[in-house]
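Results of the structural survey
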Protein chains: 2
Amino acid sequence: MKARIHVYLKPGVLDPQGVAVATSLNHLGFDEVTAARQGKLIELDLDGADADAAQARVKEMCDKLLANPVIESYDIELSA
Amino acid sequence: MKARIHVYLKPGVLDPQGVAVATSLNHLGFDEVTAARQGKLIELDLDGADADAAQARVKEMCDKLLANPVIESYDIELSA
């Protein structure tokens, strides 16, 4: 089973990487870009086939290690 | 229009961040994790409503700035 986790900064948290991306894209001529945010993408390979159990375990991993719950949110996608 | 871009290392490229994540999760007792890879998640806000044009422009942004095509792949999701 595979898990794909998106970790992104909560709205209102300063995101200097995202600002740098938006500014650089504007400088390259991509004027349609009005804002950018940058986050993390984590893909895990997991043993076991129980999706409900895996979802709960991956949520625990996010809370303990993968995301900082003070400033970051995350979402989890599982696939077989 | 919003674009969500996943940038990840191509298979075979050494991913020390991913190895560190997998090792740390194992040490925390998450023994079901057999491998991890870490990539980037970039979200863009775009002016304009033409999805086909936006797809082409975002692909150009990825090739020029957001991904290193030698070692990274990317995929693009557009939403209204």
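1. Details of the overall build of chain A
Looking only at helices and strands, chain A has two helices and three strands in total. Listed N to C, the secondary structure of chain A is β-α-β-α-β in terms of helices and strands. At 16 Å, chain A has a C-alpha radius of gyration far larger than the 12 Å of a compact globule built from 80 residues. Dimensions along the principal axes, computed over C-alpha positions, put chain A at roughly 45 × 25 × 15 Å. Taken across its 80 residues, chain A has 38% of its residues classed as buried.

2. Points about the relation of the copies chain A and chain B
For the pair of chain copies, the relating transformation is a rotation about an axis with a translation along it. You can overlay chain A on chain B at an RMSD of 0.0 Å; the transform is a turn of 180° with a shift of 0.0 Å along its axis. Considering both components of the superposition, the chain copies are consistent with a two-fold axis. Residue K40 of chain A of chain A places its C-alpha closer to the rotation axis than any other residue of that unit, at 2.4 Å. The residues that chain A uses at the interface reappear at the interface of chain B in 100% of cases, marking a shared surface.

3. Quick look at the interface of chain A and chain B
The interface of chain A with chain B comprises 35 residues on the first partner and 35 residues on the second. Taking both partners together, chain A and chain B bury about 3200 Å²; carbon and sulfur atoms supply 57% of that area. Of all residues in chain A, E32, R37 and L41 of chain A give up the largest surface area on contact with chain B, accounting jointly for 19% of the area buried on that side. Close ionic contact of E32 of chain B with R57 of chain A constitutes a salt bridge, the shortest N to O distance being 2.7 Å.

4. Considerations on the pattern of salt bridges
When the charged atoms of two side chains with opposite charge come close together, those side chains can pair. Overall, the coordinates contain 16 salt bridges over all chains when judged by the stated rule. Between E43 of chain A and R4 of chain A there is a salt bridge, with the nearest N and O atoms lying 3.1 Å from each other. Here E43 of chain A is found in strand β2 (residues 33-46), whereas its partner R4 of chain A is found in strand β1 (residues 2-9), with 39 residues between them in sequence. As far as burial versus exposure is concerned, E43 of chain A and R4 of chain A are alike and both buried. With its nearest N and O atoms 3.3 Å apart, the salt bridge here joins D63 of chain B to K59 of chain B. Remark: K59 of chain B and D63 of chain B occur in helix α2 (residues 51-66); sequence separation between them is four residues, near one turn of the helix. Members of the salt-bridge network, linked through shared partners, are K2, R4, E43 and D45 of chain A together with R37 and D75 of chain B.

5. Remarks on the environment of L66 of chain B
For L66 of chain B, the location among the structural elements is in helix α2. Residue L66 of chain B is classed as buried on the basis of its relative accessible area of 4%. In sequence terms L66 of chain B and I5 of chain B are 61 residues apart; their C-alpha atoms lie 8.9 Å from each other. If we ignore the near neighbours within four places in the chain, the residues touching L66 of chain B are V21 and L25 of chain A together with I5, V7, K40, I42, L44, M61 and E72 of chain B.

6. Some details on helix α2 (residues 51-66) of chain A
Residue and element names in this part refer to chain A. For α2, built from 16 residues, the straight-helix expectation of 22 Å at 1.5 Å per residue is missed by more than 12%, its first-to-last C-alpha distance being only 19 Å. Looking at α2, one finds that the buried residues are A54, V58, M61, C62 and L66. For α2, the arc enclosing every buried residue in end-on projection is 100°, short of the 170-degree limit, so these residues lie on one face. Facing away from the buried surface of α2 by more than 90 degrees, the exposed residues are D52 and K64.

Analysis parameters
Residues numbered from 1 in each chain as written. Chains lettered and ligands numbered in written order. Predicted model: local features only at pLDDT ≥ 70, side-chain atom pairs only at ≥ 80, totals over all residues. Heavy atoms only, no water. Helix = DSSP H or I, 4+ residues; strand = E, 2+ residues; numbered from the N terminus. Rg over C-alpha atoms; globule rule 2.2 N^0.38 Å. Buried < 20%, exposed > 50% of the residue type's maximum accessible area, 1.4 Å probe, protein only. Least-squares fit on C-alpha atoms with pLDDT ≥ 70 in both. Contact = heavy atoms within 4.5 Å. Buried area = accessible area lost by both parts, 1.4 Å probe. Salt bridge = Lys/Arg side-chain N within 4 Å of Asp/Glu carboxyl O. Expected span 1.5 Å × (residues − 1). Arc of directions from axis to C-beta.

Just geometry here; none of it tells us what the structure is for.
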